[in-house]
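Given next are the chains, with one letter for each unit.
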Amino acid sequence: MHEVPAPAVAPGEVLIANQASLVSAGTEKMVMDLAKKSLLGKARERPDHVRRVLEKVHNEGLVSTYRQVRQKLEEPLSMGYSSAGVVIACGQGVQDFKPGDRVASNGPHAEVVSVPRNLCARVPENVSLESAAFGVLGSIALQGVRLTQTTLGETVLVIGLGLVGQLTVALLKAAGVRVLGVDPDASRCELAVRMGADVARPDLGSETIEQLTGGLGADAVVITASTKSNGPIEMAAGAVRQKGRIVLVGVVGLELDRRPFYFKECEFVVSCSYGPGRYDASYEERGQDYPAAYVRWTEQRNIQAVLDLMGAGRLDVGPLISHRFEIGEAARAYEIIESGSEAFLGMVLEYGGKEVARREARGGKEVARREALGASNSTRHSFGTSIRLRAASGKSGGKSRCGVLGVGNFARGVMLPAMRDAGAFEIAAICSAKGVSAAQAAKTYNAEVACTDEEEIFGDPSIDTVFSFTRHDLHARHVLRAIQTGKNIFVEKPLCLTVEELGEVEGEVARREARGGKEVVRREALGAREEGGELSAGGGRETPLVMVGFNRRFSPSARLVREHFAQVAAPLTVSIRFNAGDIPAEHWTQQDEEGGGRIIGEACHAIDLATYLCGAPVVRVFAESVGGDQPGQITDDQCFITLRHANGSISNIAYLAGGDRAFPKERVEVLGAGRVAVIDDFHTVTTYHGGKKKVTKGKQQKGHAEEIAEFANAIVAGGEAPIPWEELRATSLAAILAVRSLREGGVVEVSG
C-alpha cells in the first residue's frame, strides 16, 4: 500500500470519498500472480505485448525499448474496482450527481477516487455503503444473467460458486429462475443454497441435471469459474439442453469439443464485464450515454439495477462477507488470499473509521454522510493536492527548478530520463491527474512533491520552469499559465489545438514582452519575492521561454542534412513520409476536442522538420486525404500535405496510417542545387554531391535528448530560444490550417 496524492476532480468525473470497497479475490490474485512472474513468464501470458515490444526494438533500438519496458513494469497498479462512498466534488459537465450523494462506483481501493460519471450509480437510502460496495461486481454477474435470455420458470446451471457465482445465483433466483449450482467446495455449495439455489452440490453432473430437469437439460449454463482447465466448458456442454445457451463470465480453458455443440446446436457467448459501454472510451471516459430506447442495459444501468434490487430487499449480500479490514490493514486480506491460510469469500475494506459504519447500521445515514463529507472536506488540502516526499533543497546549485505536468508512458520512458541526463534541471514537483503515477515518478526522480493539482506547480515561486507532457487539450492552458506566472515552459507538441488558442498564446507572449520582461512579471505575480536575495536559475531571461517539443530538428540526422545544404541559397524540395500505423477511431488522439487529430498532434513534427531543413517558415498549405467508396472511419491520417515556405522552398508531407508496422516509420528526402540527402528512421543519413555518395549510420536518435539540452542551455546560460517564436507559431498554425484545408478544400494562406 502506498501513500499518494488523491486525484483531482476531472471534467466528466465524480470525486468520491470511499467508505467501503470489495476485494475481488479471483481477479486480484491473477494480477498478483502475473506481477510475480519473470519477464519470460509475463511474455508467455501476453504474446500480443511481446509482438509490440519486438516492433519497438526494430524501430527504436534495444536499449530504448528495454528502458521503456522496465519502467512500464515498475509502474504500480491500482487494485480493486468495486467500491462505494460519498461524493465530495463533481467535475465540469456532471449534473446528475451532487456533493453528499451516496454512490457505488468502479473506483479502486483508495480513500479518494475520481470516477467517470457513467461508472457511478446512486445508492438507495436503505442500502448500506458496505453492501453497495458489491454493486459493480454484482453488475458483472447481472450481465451474465441477462445474456442467458432465460425467462420465468426456466432452469440455469451455475458452474463455479465464488463471489461472482454466488451473486449470479441470487440474481437468477430474483428473476424467477430455477437455479442449480456446482463447485468443488462443499461450503460454497451450502452458501449457494442460502443465496437461492434450489440444488447445489460438488458432485452435480450432467446425468443428475437431466434427472432434475425431466430429461431436458439446463436451459442455460453460466460459467463463473476461474481455472485453466477445460472441465467447466465440457460440463456445460453436457448439461445444457438442445438449442440452449452457455454464457462464460469467468476465465476457463477453451479447447472446445465441437461434437456436443454441433449435435445440441447450442449457443456459446462470452460476457464482457459490466455490460454495454465497457471499454468504449466514448461512453466511459467522455460520458456519452447510449439512449435507453436502443441500449436498455448499459454498464451504469446494470450497476443501478443491482443496487435497486438491494434496496427492494431482493438481493442480500450480507452472507457473502467473510472478512472486514480497515484500509490500513488491507495487506492482511492479500496475505490470506495468497497463502490460503483460511477460508474467504467477500473481503470488505473499510474507510473513514468504524464509527461511520456503526451509524449506518443504526440507521443514521444522514449523519454518516455528513461525517464522511465533513472528514473529506477537512482534509481536502492534504489529500487533494500533494504529498511531500522530501524536504525542499533550497538552493538549486545553478540548476533550473522545474515542475512536471503529466507522467504517461512517453514522459517516463523518454522525457524524464532526458531531463535527468541533461544535468541542468532539479525536478521539484511532479503532477498527474490520478496521483499514483505522480508519486511513483517523484520517488524515481527524487522530486520533493507529488501532486494532482497543477496550481501547486504554477503557484510555487521557487519553480521557474514547467514541463507539460499532458494530453493535447491542456497544452495551451499550461503555456498561458506559465507565461502569466513568469515561468519558462516546455510543452510537448502540439502547442495548441485551435486558431483561437494560438491567438491567446500569441497575445500573452506579445503582452509580456511589451511589459518589460520576466522580472516585472515575477514582481507582479509574486509581490517582488526574491529567493535568498537573488533570482532562481533561469530568472535572468527577459521573458519566459516558450518551447514546443518538435524534437526531429534537433536530431543528429537532421543537423547533418542541414549542414549538407548550408552553402545552398536556392530553394529546396523536401519530402517526408510517415508510416504512422493505425490508431482506433475512438482513441483520444483522434478526438478533435481532446487530441486535435493526428495531423495537429503528430504531423506537426514533419511540418517543423521541413521548416528547419528549408530554413524558412510555412506561408501556404494544401492538404488532401484518401476518399472513394470505402475511405474508412478516419481519413485525416491518410493524407498528403503540401507546404510553401517563405523562401520559395516547397515540402510535401505524406502522413500515412494505411501501411504495415514492420516497414520503416520515417523517411526524409531533401533535394536542391545539385545535392541530395536522405534520412532513414533517424539512424541512417545518405548524402549525394558531386557524383559522390556518403552513408552515415548510427543508433536511432530522434532528438529528444538534444532538444532538452538546448532548452536547458537557453534557460541556464541565457541563450537564444531553441526554436524562434515565429517558427513555433507558423508551424502550429500550418498544422491547424492543414486540417481546415482537408475539411474545406483548397489552399490556405498562413498569415503573418
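Residue numbers here run from 1 along each chain, matching the order of that chain's written sequence. Restriction of local features to residues with pLDDT of at least 70 applies here, the model being predicted, together with a cutoff of 80 or more for giving and counting side-chain atom pairs; totals for whole chains, interfaces and linings are based on all residues. Each side-chain value is derived from all of the structure's non-hydrogen atoms; neither hydrogens nor water enter the calculation.

(A) Summary view of the layout of surface pockets. What the second largest pocket holds in volume is close to 330 Å³. Along the wall of the second largest pocket there are 16 residues; nearest its centre are Glu-513, Thr-543, Leu-545, Ala-721 and Trp-725. Taken together, the elements giving at least two residues each to the lining of the second largest pocket come down to helix H22 (499-514) and helix H27 (725-744). Residues were grouped as follows: Ala, Val, Leu, Ile, Met, Phe, Trp, Tyr, Cys and Pro as nonpolar; Asp, Glu, Lys and Arg as charged; and all remaining residues, including Gly, as polar. Taken together, the residues that form the lining of the second largest pocket break down as 10 nonpolar, 1 polar and 5 charged. Think of a 1 Å grid over just the protein atoms. A cavity is a set of points where a 1.4 Å probe fits yet cannot get out, a pocket is an open set with protein on both sides within 12 Å along at least five of seven lines, and lining residues have an atom within 4 Å of a point. Grid points are joined across faces, edges and corners, and a volume is the space filled by probe spheres set on the points. What counts as a helix is a DSSP run of H or I of at least four residues, what counts as a strand is a run of E of at least two, and both are numbered from the N terminus.

(B) Fine view of the environment of Gly-217. Secondary-structure assignment places Gly-217 in the loop between helix H9 (206-212) and strand E9 (218-223). Summary of the burial criterion: residues with accessible area below 20% of their type's maximum are buried, those above 50% are exposed, and those between are partly exposed, where the area comes from a 1.4 Å probe applied to protein chains only. The exposure class assigned to Gly-217 is buried, which follows from its relative accessible area of 4%. Linking Gly-217 and Leu-157, residues 60 residues apart in sequence, is a C-alpha distance of 9.4 Å. Whether two residues touch is decided by their heavy atoms; if any such pair falls within 4.5 Å, the residues are in contact. Beyond its immediate sequence surroundings of up to four residues, Gly-217 is in contact with Ala-239 and Arg-241.

(C) Structural view of the nonpolar core. Judged by nonpolar contacts, the single largest core of 105 residues is most densely connected at Phe-467 and Ile-641. Considering each element in turn, this core owes the most residues, 11 residues, to helix H25 (residues 597-614). In this view, Ile-641 contacts Ile-599, Ala-603, Val-621, Phe-622, Ala-623, Ser-651, Asn-652, Ile-653 and Ala-738; residues no more than four positions away in its chain are not counted. Only buried Ala, Val, Leu, Ile, Met, Phe, Trp, Tyr and Cys residues count toward a nonpolar core, and they belong to the same one when joined by side-chain atoms within 4.5 Å. Membership of the second largest hydrophobic core comes to 66 residues, among which are Ala-133, Val-222, Val-249 and Tyr-274.

(D) Local environment of the confidence of the model for the protein chain. Summing up the model confidence of the protein chain, the mean pLDDT is 88 and the portion of residues at 70 or higher is 84%. What pLDDT reports is the predictor's confidence in each residue, on a scale of 0 through 100. This stretch, residues 355-359, has a pLDDT under 50; its non-local contacts, to residues over four places away or in other chains, come to 9 contacts. Counting interchain partners and residues more than four positions distant, the pLDDT-below-50 stretch residues 527-540 has 28 contacts.

(E) Layout of unusual backbone geometry. In the segment running from Lys-493 into Pro-494, the intervening peptide bond is cis, with an omega of 0°. When you line up the elements, Pro-494 lands in the loop between strand E19 (488-491) and H22. Positive phi, normally seen in glycine, also occurs at Glu-265, with a value near 50°. Secondary-structure assignment places Glu-265 in the loop between helix H11 (258-264) and strand E11 (267-270). The backbone of Phe-682 sits at a positive phi, close to 60°, despite the residue not being glycine. Along the chain, Phe-682 falls in the loop between strand E26 (675-680) and strand E27 (684-689). Overall, the relative accessible area of 1% leaves Phe-682 in the buried class.

(F) Examining the packing of H22 against H27 more closely. Between N-to-C directions, angles cover 0 to 180 degrees, with each direction set by a line fitted to C-alpha atoms, over the stretch in contact for helices. Remark: H22 packs on H27, axes separated minimally by 10 Å, with the N-to-C direction vectors making an angle of 170°. By the angle class used here, H22 and H27 are roughly antiparallel. Crossing handedness for the pair H22 and H27: left-handed. Only Trp-725, Arg-729, Ser-732, Leu-733, Ile-736 and Arg-740 of H27 make contact with H22, whose side of the interface consists of Val-499, Leu-502, Val-505, Glu-506 and Val-509. Its residues assigned to classes, the contact of H22 with H27 shows 7 nonpolar, 1 polar and 3 charged. Just so you know how the angles are binned, under 35 degrees is roughly parallel, over 145 roughly antiparallel, 65 to 115 roughly perpendicular, and the rest oblique. Here is the rule for handedness: rotate from the far helix to the near one, and if that takes an anticlockwise turn smaller than a right angle the crossing is left-handed, while a clockwise turn gives right-handed.

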